[in-house]
Amino acid sequence: MTLSGGGNLRYDTSKGLKGLPSHGMMTEHQHRDEIVRFGKLLHQGGLVAATDGNLSVRLENGHFLCTPTVMSKGLMEPEDLVVVDERGNKVSGSRDASSEIAMHLLIYRRRPDVNAVVHAHPPTATGYAAAGIALDRALCSEIIVTLGSVPLANYETPGTQELAEALAPLVAEHDAILMANHGVVTCGPDLLNAYMNMETVEHFAKIALVTHLLGKQQTLSDQHVDKLREIRMKYHNHNQVAAAQGKD
Ligand SMILES: [Zn+2]
């Protein structure tokens, strides 16, 4: 079957970000270090090339910390990052903010639960985006539990408000979106989750591609998908309660 709807499953941040507090408790200095760290992971994992991609986090004071434009995400230093306000105007930093900041800000505006956004050009998932194929088939149980489905947004020119608006109808329901003829954007309650969602999309795209190569896709039944959705809702509710109690 083909899937609709998204997912909001969280990874356990306390295990991933060793020694660091939850997103809301982190200092700007810690956020800078984490963006540099995950930028390196994006680059080392082949999810971006050259100066591709951008990362951002929501700061406690309502501003946003983002990566600079025209710089390798594998070579950034904490001081290269840029702080912008809710309209994308630079507040501080010696470099210019990412050209895709409008897309990040649209997601933050529409998703108060999101504190981090990652944009990359992972080759297999971007191949699907360039072929005009959404990653929305019920091929893997884990993907249904974590991401639900990964829809395809219409093409618009990178770096424009139009691109941000093309994502608008999909942002509320999805933590990962393919952008036609361009790449992928993911988000999460913190940078670890947003980054993991990017890895997951690319991994799923590789699996989906193998099913194409094998010439057969054996999708899960509606009944099995419903059971997986129940699991996702249980995790989601558990994490919401844990977050409300300050346990995440
Ligand atoms: Zn891009």
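As a starting point, this report considers the structure included with it. (Residues numbered from 1 in each chain as written. Predicted model: local features only at pLDDT ≥ 70, side-chain atom pairs only at ≥ 80, totals over all residues. Heavy atoms only, no water.)

We now examine the overall build of the chain. Broken down by element type, the chain carries 8 helices and 8 strands. Buried positions account for 50% of the 248 residues belonging to the chain. The contacts of the chain with a sequence gap of at least 6 include a subset with a gap of at least 24, amounting to 68%. As presented, the chain carries roughly 11,600 Å² of accessible surface, and 53% of it is formed by carbon and sulfur atoms. (Helix = DSSP H or I, 4+ residues; strand = E, 2+ residues; numbered from the N terminus. Buried < 20%, exposed > 50% of the residue type's maximum accessible area, 1.4 Å probe, protein only. Contact = heavy atoms within 4.5 Å. Areas by Shrake-Rupley, 256 points an atom, 1.4 Å probe, with all protein chains shown as cover.)

This part is about the coordination of the zinc ion. As a benchmark, a tetrahedral metal site with four donors has ideal angles of 109.5 degrees, while an octahedral site with six donors has ideal angles of 90 or 180 degrees. Within the protein, H119 (NE2), H121 (NE2) and H182 (NE2) serve as the donor atoms for the zinc ion, at 2.0 to 2.1 Å. Written as a sequence motif, the donor arrangement for the zinc ion is H-x1-H-x60-H. In this pair, H119 sits in strand β5 (residues 116-120) while H182 sits in the loop between β7 (176-179) and β8 (183-188), placing the two residues 63 residues apart along the sequence. Taken as a pair, H119 and H182 share a single burial class, namely buried. (Donors = N, O, S within 2.8 Å, 3.2 Å for Na, K, Ca; no water.)

Together, L209, V210, L213 and L214 make up a nonpolar patch on the protein surface, roughly 420 Å² of accessible area in all. Summarising the element assignment, L209 is placed in helix α7 (residues 191-214). (Patch = residues over 30% accessible without salt bridge, like charges linked within 9 Å, V, L, I, M, F, W, Y side chains within 5 Å. Salt bridge = Lys/Arg side-chain N within 4 Å of Asp/Glu carboxyl O.)

Let us now look at the pattern of salt bridges. By the definition in use, this model includes 6 salt bridges. When the shortest N-O distance is used, the salt bridge between R37 and E34 registers 2.9 Å. Separated by 3 residues within a single helix, R37 and E34 lie in helix α2 (residues 28-44), roughly one turn from each other. In this structure R37 comes out as partly exposed when scored by relative accessible area, which is 36%. Between R95 and D80 there is a salt bridge, with its nearest N and O atoms 3.0 Å apart.

This brings us to the side chain of N54. Summarising the element assignment, N54 is placed in strand β1 (residues 54-58). N54 has contacts with T67, K73, S98, E100, M103, H104, V117, V118 and H119, leaving out every residue within four places of it along the chain.

Attention shifts here to the nonpolar core. Counting residues in hydrophobic clusters, the biggest one holds 38 residues, and the most contacted among them are I35, L42, L135, L178, L191 and V201. Listing elements by their share of this core, those giving two or more residues are α2, β1, β5, α4 (123-131), β7 and α7. Excluding residues that lie within four positions of it along the chain, L135 makes contacts with Y128, S149, V150, L178, V201, F204, A205 and A208. Formed by 24 residues, the second largest nonpolar core is a distinct cluster that contains I101, V117, L167 and L170. (Core = buried A, V, L, I, M, F, W, Y, C linked by side-chain atoms within 4.5 Å.)

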